[in-house]
Amino acid sequence: SSGINAEYGVVSTQSTGEMVETFYSFHESLKSVEEVLDPYLSMPLDEMYDLLTPIEQAKSELTTAYTVNSLYWAFLTSQGAKLEQHPLKKEMERIQMYMRKVKLLECSLRGERPPTGHNPPTHQKIDKYAAARFIKRGLAKVRHFN
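Residues numbered from 1 in each chain as written. Predicted model: local features only at pLDDT ≥ 70, side-chain atom pairs only at ≥ 80, totals over all residues. Heavy atoms only, no water.

Asks: I'd love a proper account of the overall build of the protein chain, names of residues and values included.
Replies: When its secondary structure is counted, the protein chain shows five helices and two strands. Along the protein chain, helices (α) and strands (β) appear in the sequence β-β-α-α-α-α-α when read from the amino end. Within the protein chain, the fraction of its 146 residues that count as buried is 11%. Contacts in the protein chain between residues at least 24 apart in sequence constitute 31% of all its contacts with a sequence separation of at least 6. Accessible surface, the protein chain as shown: approximately 12,700 Å² in total, 60% of it carbon and sulfur. (Helix = DSSP H or I, 4+ residues; strand = E, 2+ residues; numbered from the N terminus. Buried < 20%, exposed > 50% of the residue type's maximum accessible area, 1.4 Å probe, protein only. Contact = heavy atoms within 4.5 Å. Areas by Shrake-Rupley, 256 points an atom, 1.4 Å probe, with all protein chains shown as cover.)

If you want it as structure tokens, here you go:
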């Protein structure tokens, strides 16, 4: 039934059946996460790292750090903490900054321009012939109106 659980300070508007369904769905989600992580958890970390390139290692470290911090963020939020000024927010922003740096490095190593628009070309190529056509047509229209 819905109501207030005074012992834990929890207000629930869900029926018992809805709560059971929510917990079942959460359990299924956890099982799918475990299946995805199983190959990584089945071998020692140093062996797994030997199979990764340095960039993959950095991405793995950053993903792990971000995941742990996100889980802690969720925990604090569930406890009612106000996180706008919490140091955890700054740490997550720092991790995101390094994730962007690794992405830029990856693109650089592949010789690609980053998808975020970072590192624009230092000079623009101008199609002189197309520019001349635009100018001539523009001048012709101005002369036609006069």
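Moving on, there is more to tell.
Asks: Talk me through helix α4 (residues 87-110); I want residue IDs and the actual numbers.
Replies: Taking 1.5 Å of rise per residue, the 24 residues of α4 would be expected to cover 34 Å, and the 35 Å separating its terminal C-alpha atoms lies within 8% of that figure. Buried within α4 are the following residues: Leu 88, Met 92, Ile 95, Val 102, Glu 106 and Cys 107. The inward-facing, buried residues of α4 abut α3 (54-78). With its phi angle positive at about 75°, Gly 111 sits one or two positions after the end of α4. (Expected span 1.5 Å × (residues − 1).)

Asks: Got a sec to walk through the side chain of Glu 106? Specific residues and values, please.
Replies: Mapping Glu 106 onto the fold places it in helix α4. Owing to a relative accessible area of 15%, Glu 106 belongs among the buried residues under this scheme. Side chain to side chain, Glu 106 and Lys 59 meet in a polar contact 3.2 Å long. Among all residues touching Glu 106, those that are not within four sequence positions of it are Ile 55 and Lys 59. (Polar contact = N/O pair within 3.5 Å; in protein donor to acceptor, adjacent residues only side chain to side chain.)

Asks: I'd like a description of the confidence of the model for the protein chain, backed by residues and values.
Replies: Here the protein chain shows a mean pLDDT of 79. Residues at 70 or above account for 79%. Per-element averaging of pLDDT across the protein chain places strand β1 (residues 3-5) at the bottom with 47 and α4 at the top with 92. Overall, residues 1-11 carries pLDDT values under 50, and its contacts beyond four positions in sequence, including any with other chains, amount to 11 contacts. (pLDDT = per-residue confidence, 0-100.)

Asks: Give a detailed account of helix α1 (residues 16-41), specifying residues and quantitative values.
Replies: Taking 1.5 Å as the rise per residue, α1 with 26 residues should run 38 Å; its terminal C-alpha atoms sit 35 Å apart, in good agreement. The sharpest bend along α1 comes to roughly 30°, located at Glu 35, with the proline Pro 39 sitting one to four residues further on. (Bend = angle between axes of the 7 residues up to and from the residue.)

Asks: How would you sum up the packing of α3 against α4? Please name residues and give values.
Replies: Two numbers describe how α3 lies on α4: the axes approach to 10 Å, and their chain directions differ by 155°. It follows that α3 is roughly antiparallel to α4 by the angle criterion. Relative to α4, α3 is oriented so that their crossing is left-handed. Between α3 and α4, the residues in contact are Ile 55, Ala 58, Lys 59, Leu 62, Thr 63, Ala 65, Tyr 66, Asn 69, Ser 70, Tyr 72, Trp 73 and Leu 76 and Leu 88, Lys 89, Glu 91, Met 92, Ile 95, Gln 96, Tyr 98, Met 99, Val 102, Leu 105, Glu 106 and Leu 109, respectively. (Axes fitted to C-alpha atoms, helices over the stretch in contact; angles between N-to-C directions. Parallel < 35°, antiparallel > 145°, perpendicular 65-115°, else oblique. Left-handed = near helix turned anticlockwise from the far one by under 90°.)

Asks: Please give an account of the pattern of salt bridges that cites residues and values.
Replies: Tallied over the entire structure, the rule returns four salt bridges. Between Lys 59 and Glu 106 there is a salt bridge, with the nearest N and O atoms lying 3.2 Å from each other. Pair noted here: Lys 59 is in helix α3 and Glu 106 is in helix α4, with a separation of 47 residues, a long-range link. When the shortest N-O distance is used, the salt bridge between Arg 94 and Glu 91 registers 2.8 Å. Here Arg 94 and its partner Glu 91 are both found in helix α4, three residues apart, which amounts to about one turn of the helix. On the basis of relative accessible area, Arg 94 is assigned to the partly exposed category, the value being 41%. (Salt bridge = Lys/Arg side-chain N within 4 Å of Asp/Glu carboxyl O.)

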